[in-house]
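Listed below, chain by chain, are the residues.
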Amino acid sequence: MNTGAFEIGSAVRSADGHREGGDAVVCRQFDESVMVAVVDVLGHGPDAHEVATRAAELLEAVRLSDPVRVLGLLDAELAGTLGAAVGLATVSRADGAGRFVGVGNTVARIVGRTERSMVSVDGVVGRRHPGVRPVEFVLEPGGLLLMHSDGVTSRFAVDDYPSLRAEDAAVIPRELIRRFGKNHDDAACIALRRMG
């Protein structure tokens, strides 16, 4: 998907032995920004898939672009369910200024002239977490924001995927899951590159 300011791609794969899983990705377009999210529901199979679908529906319908407020809505929506790890980020179309919040074991990385990992707080959305700590960042022109569930190992280095910096964003999530995905776990990945 090319939005003019950004190039975006995503992929989701269920764990071996399951037709559907508990991971989901969402991309929302706003006038001034783009919001991307990764959801990783606890468990696998139909029950986890049902909760992931519920989370994705809220994220696709929400009219807010502030990730802290969106995460609060999602926490209320998922109360009493299996719960989920969630990573949310918004990036400004104008200058690439971004804000990330995460709860649980989702991973967010910036790949550009330098690399940066952004840390999620411990906890489970819909159950318990100590509150979020927003992380501010700037996505430079050509820079890449990668977010994925723990179904993709977080230990891969950019050198393990030499074409990552130049690869089309539509290809990157599928390729990351193929190369670094854990077959026993659901996997979800979204890539957002700032054009320019």
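All figures in this text were calculated on a predicted structure; none of them were measured in a lab.

1. Considerations on helix H1 (residues 45–61)
Counting along an α-helix, one turn takes 3.6 residues, and residues three or four places apart therefore face a common direction. Compared with the 24 Å implied by 1.5 Å per residue over 17 residues, the 24 Å span of H1 between its first and last C-alpha is a close match. If you check which residues of H1 are buried, you get Gly 45, Ala 48, Val 51, Ala 52, Ala 55, Ala 56, Leu 58 and Leu 59. Seen end-on, H1 carries its buried residues on one side only, within an arc spanning 160 degrees. Seen from the buried face of H1, the exposed residues on the opposite side, beyond 90 degrees, are Pro 46, Asp 47, Glu 50 and Ala 61. Those residues of H1 hidden inside the fold are in contact with strand E2 (23–29), strand E3 (33–41), helix H2 (67–77) and strand E4 (84–92).

2. A short note on the pairing of E3
Burial of E3 is extensive: 9 of the 9 residues sit out of reach of the surface. Residue alternation in E3 divides its side chains into two sets, Ser 33, Met 35, Ala 37, Val 39 and Val 41 and Val 34, Val 36, Val 38 and Asp 40, and both sets are buried. As judged from the 7 bridges shared by E2 and E3, these two strands associate in the antiparallel manner. Residue pairing across strands places Val 26 opposite Ala 37, the latter belonging to E3.

3. With respect to the pairing of strand E10 (residues 187–194)
The buried count for E10 comes to 8 of 8 residues, which makes it a mostly enclosed element. Taking every second residue as pointing to the same face, both faces of E10 are buried, with Ala 187, Cys 189, Ala 191 and Arg 193 on one and Ala 188, Ile 190, Leu 192 and Arg 194 on the other. Where strand E1 (residues 6–13) and E10 come together, 8 bridges link them in antiparallel fashion. In the strand pairing of E10, Ala 11 is matched with Cys 189. With 5 bridges connecting them, strand E9 (residues 144–148) and E10 associate as antiparallel partners. Considered in E10, the bridge of Leu 146 is made with Ala 191.

4. Remarks on the sheet that holds strand E5 (residues 97–103)
Across the sheet, 5 strands lie side by side as E2-E3-E4-E5-E8; this open sheet has antiparallel pairing. Each end of this open sheet is capped by a strand with a single partner; those strands are E2 and strand E8 (135–138). Recorded for the sheet is a direction-independent mean angle of 15 degrees between the axes of neighbouring strands. In this structure, E4 lies alongside E5, joined through 6 bridges in antiparallel fashion. Bridged to Ala 89 within E5 is Phe 100. Against the sheet, H1 touches E2, E3 and E4, its axis set at about 5 degrees to E2.

About the thresholds
- Residues numbered from 1 in each chain as written.
- Predicted model: local features only at pLDDT ≥ 70, side-chain atom pairs only at ≥ 80, totals over all residues.
- Heavy atoms only, no water.
- Helix = DSSP H or I, 4+ residues; strand = E, 2+ residues; numbered from the N terminus.
- Expected span 1.5 Å × (residues − 1).
- Buried < 20%, exposed > 50% of the residue type's maximum accessible area, 1.4 Å probe, protein only.
- Arc of directions from axis to C-beta.
- Contact = heavy atoms within 4.5 Å.
- Pairing = 2+ DSSP bridges.
- Axes fitted to C-alpha atoms, helices over the stretch in contact; angles between N-to-C directions.

Don't take any of this as a statement about function, it's just geometry.
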